[in-house]
Amino acid sequence: MSGRPMKTQLALPTGIKKLTNIAVVRLKKHGVRFEIACYKNTVGAWRDGFEKDIDNVLQTTQIYNNVSKGIFAKEEDLLKAFGSADEKVVAKLILETGEVQVSDKERKNTFDNIFRDAVNVLVDKCVNPETNRPYPPGMIERALREVHFQVDPTKSAKQQALAALPRLRKVFPIKRAAMRFRFTVPAERAQATLDMLLGERATIEEQTGSEIVCTADPSVYRTLDKFAKDTSVQLEVVTMAVMEGGVSETFQETARGAAASGPGDADGRNVGAYAMRDLEGALAGAVPGGDGEAKMARAKIVARREAAVPGSDGSAAAGVRTEVLYPRGPIAGVPEEHASRRERFAPIDEIQVGWQVELRRRGGSSVVDAVFFSPDGVLHKSFADARREAMRAKREGA
């Protein structure tokens, strides 16, 4: 008999069941931790009302004290905490009110997606007030990082992006792009409609017969909509964001005097008139303090060098090159390098078959834009819009 030790294999205890590749939802009640095992990327769909069948969400209706160790919850703990030992009823309660446990990688992907969506919202809905042109994604992305923009996973990208506007205004001039509206009004209500629009500081672009076309700040949309409903006037949104072609590459500020400029910083200084073609200079120059003056000087040198290039007029706007990373095609065909986006967009195909997507990158930015095409070929500029349209089509087809 050799002196080598014998190898023994431990059997898995009968009270333990191990699960992998899952999303865990946890709820602590009466001092006891309860967990359920769900399929990934389904909890949010259930809570948003997109998924109705709980069997498509739960991997098992078994209630656990610890999913990762496979330890089942005791029946007496379920009765004490929930007043029922019916596992399907308890699982539903945990699913609705529990906390979803996510890995660091999943959390990072979620935050990155929200950040990119926020950048796209600002590009699509905001402009430089001096030129009425949008800023390229790269500038917006760098500026958000400069002002320490923090992503909140509980809020939509649009809410967070628009909430960041006041902080971005301290860096460079930016505002919400105006919306274009068309009113169809009877003759007897035309004057009242015009008076209301002027009171809301709308700009009348055209008035022909029974139609009035105007532009106004998006913040007055609810007021216009209420007026239209109360007076039986027809309101149509013609353009979501009115802007010039191309992109704004210059940060332009004009000195307007002490009253218009507002109080200076601690040294009594105000930011004067300057034009900068470099974002670093704009960030340093627009925010008082630090080494702003040195960076502004470097930015002016860059601007002069660019103006000296033959064929360059130093203008504030220029075209931006768009690189197509994935030409218009089925969502399932998105290449592996964009697998996270393919998985994120997959629910659209599950709701309505036939959707297509195109991935683009603008102006050398690291931000990848996605535009969607419905089965009828209608363009949708965001995932949220595409999903809503798919859900609407599914409801109407039911």
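Source: prediction; values computed, not measured. (Residues numbered from 1 in each chain as written. Predicted model: local features only at pLDDT ≥ 70, side-chain atom pairs only at ≥ 80, totals over all residues. Heavy atoms only, no water.)

### So, the pattern of salt bridges
Right, on to step 1. Summed over all chains, the structure comprises 15 salt bridges.
Right, on to step 2. Lys108 is the salt-bridge partner of Asp112, the closest N and O atoms lying 2.9 Å from each other. Of the two residues, Asp112 and Lys108 are both situated in helix 4 (residues 104–125); the distance of 4 residues between them amounts to about one turn of the helix.
Right, on to step 3. Owing to a relative accessible area of 27%, Asp112 belongs among the partly exposed residues under this scheme. (Salt bridge = Lys/Arg side-chain N within 4 Å of Asp/Glu carboxyl O. Helix = DSSP H or I, 4+ residues; strand = E, 2+ residues; numbered from the N terminus. Buried < 20%, exposed > 50% of the residue type's maximum accessible area, 1.4 Å probe, protein only.)

### Some words on helix 8 (residues 190–199)
Right, on to step 1. Listed as buried for helix 8 are Ala190, Thr193, Leu194, Met196 and Leu197. For helix 8, the buried positions fall inside an angular range of 160° around the axis, keeping them on one side. Facing away from the buried side of helix 8, by more than 90 degrees, are the exposed residues Gln191, Leu198 and Gly199.
Right, on to step 2. Looking at the buried positions of helix 8, the neighbouring elements they touch are strand 8 (178–184), strand 9 (203–208), strand 10 (211–216) and helix 9 (221–231).
Right, on to step 3. Once helix 8 ends, the next one or two residues include Arg201, with phi positive near 60°. (Arc of directions from axis to C-beta. Contact = heavy atoms within 4.5 Å.)

### Side note on the pairing of strand 1 (residues 23–29)
Right, on to step 1. Of the pairings in the sheet, the one linking strand 1 to strand 2 (residues 32–38) comprises 7 bridges and is antiparallel in character. Considered in strand 2, the bridge of Ala23 is made with Cys38.
Right, on to step 2. The hairpin formed by strand 1 and strand 2 contains 2 residues between the paired strands, and His30 there has a positive phi angle of roughly 55°. (Pairing = 2+ DSSP bridges.)

### A closer look at the packing of aromatic side chains
Right, on to step 1. Applying the stated rule across the entire model yields 8 aromatic pairs.
Right, on to step 2. Where Phe345 meets Phe372, the ring centres are 4.8 Å apart and the plane angle is 85°; that geometry is what we call edge-to-face. On the criterion of sequence distance, the pair formed by Phe345 in helix 13 (residues 339–351) and Phe372 in strand 18 (residues 368–373) is long-range, its members being 27 residues apart. A single burial state applies to Phe345 and to Phe372, both of which are buried.
Right, on to step 3. By the ring-pair criterion, three or more aromatic residues cluster together here, those being Phe345, Phe372 and Phe383. (Phe/Tyr/Trp six-rings, centres within 6.5 Å; stacked < 30°, edge-to-face > 60°.)

### Regarding the nonpolar core
Right, on to step 1. If you look at the biggest cluster of nonpolar residues, it comprises 25 residues, and the most contacted ones within it are Leu122, Ile140, Leu144, Phe149 and Ile174.
Right, on to step 2. Contributing elements (two or more residues each) for this core: helix 4, helix 5 (137–146), helix 6 (157–163) and helix 7 (165–169).
Right, on to step 3. The element best represented in this core is helix 4, accounting for 7 residues.
Right, on to step 4. Not counting chain neighbours up to four residues away, the residues in contact with Phe149 comprise Phe115, Ala118, Leu144, Gln160, Ala164 and Arg167.
Right, on to step 5. In terms of nonpolar packing, the next biggest core, distinct from the first, is built from 19 residues, Leu27, Ile54, Val57 and Val90 among them. (Core = buried A, V, L, I, M, F, W, Y, C linked by side-chain atoms within 4.5 Å.)

### Digging into the pairing of strand 18
Right, on to step 1. The buried fraction of strand 18 is high, at 6 of 6 residues.
Right, on to step 2. Burial along strand 18 is two-sided: the face carrying Val368, Ala370 and Phe372 and the face carrying Asp369, Val371 and Phe373 are both buried.
Right, on to step 3. Where strand 17 (residues 356–362) and strand 18 come together, 6 bridges link them in antiparallel fashion. Each bridged residue has a counterpart across the sheet, and for Leu359 the counterpart in strand 18 is Ala370.
Right, on to step 4. Where strand 18 meets strand 19 (residues 379–380), 2 bridges bridge the pair, whose relative direction is antiparallel. Paired with Phe373 across the bridge in strand 19 is Leu379.
Right, on to step 5. Here strand 18 hands over to strand 19 after 5 residues, with Gly377 in that stretch at a positive phi of 90°.

### A few points about unusual backbone geometry
Right, on to step 1. We note that His30 has phi near 55°; this positive angle belongs to a residue other than glycine.
Right, on to step 2. With respect to the secondary-structure elements, His30 resides in the loop between strand 1 and strand 2.
Right, on to step 3. Phi is positive for His148, close to 60°, though the residue is something other than glycine.
Right, on to step 4. Checked against the element boundaries, His148 lands in the loop between helix 5 and helix 6.
Right, on to step 5. Here His148 falls in the exposed class, since its relative accessible area comes to 58%.

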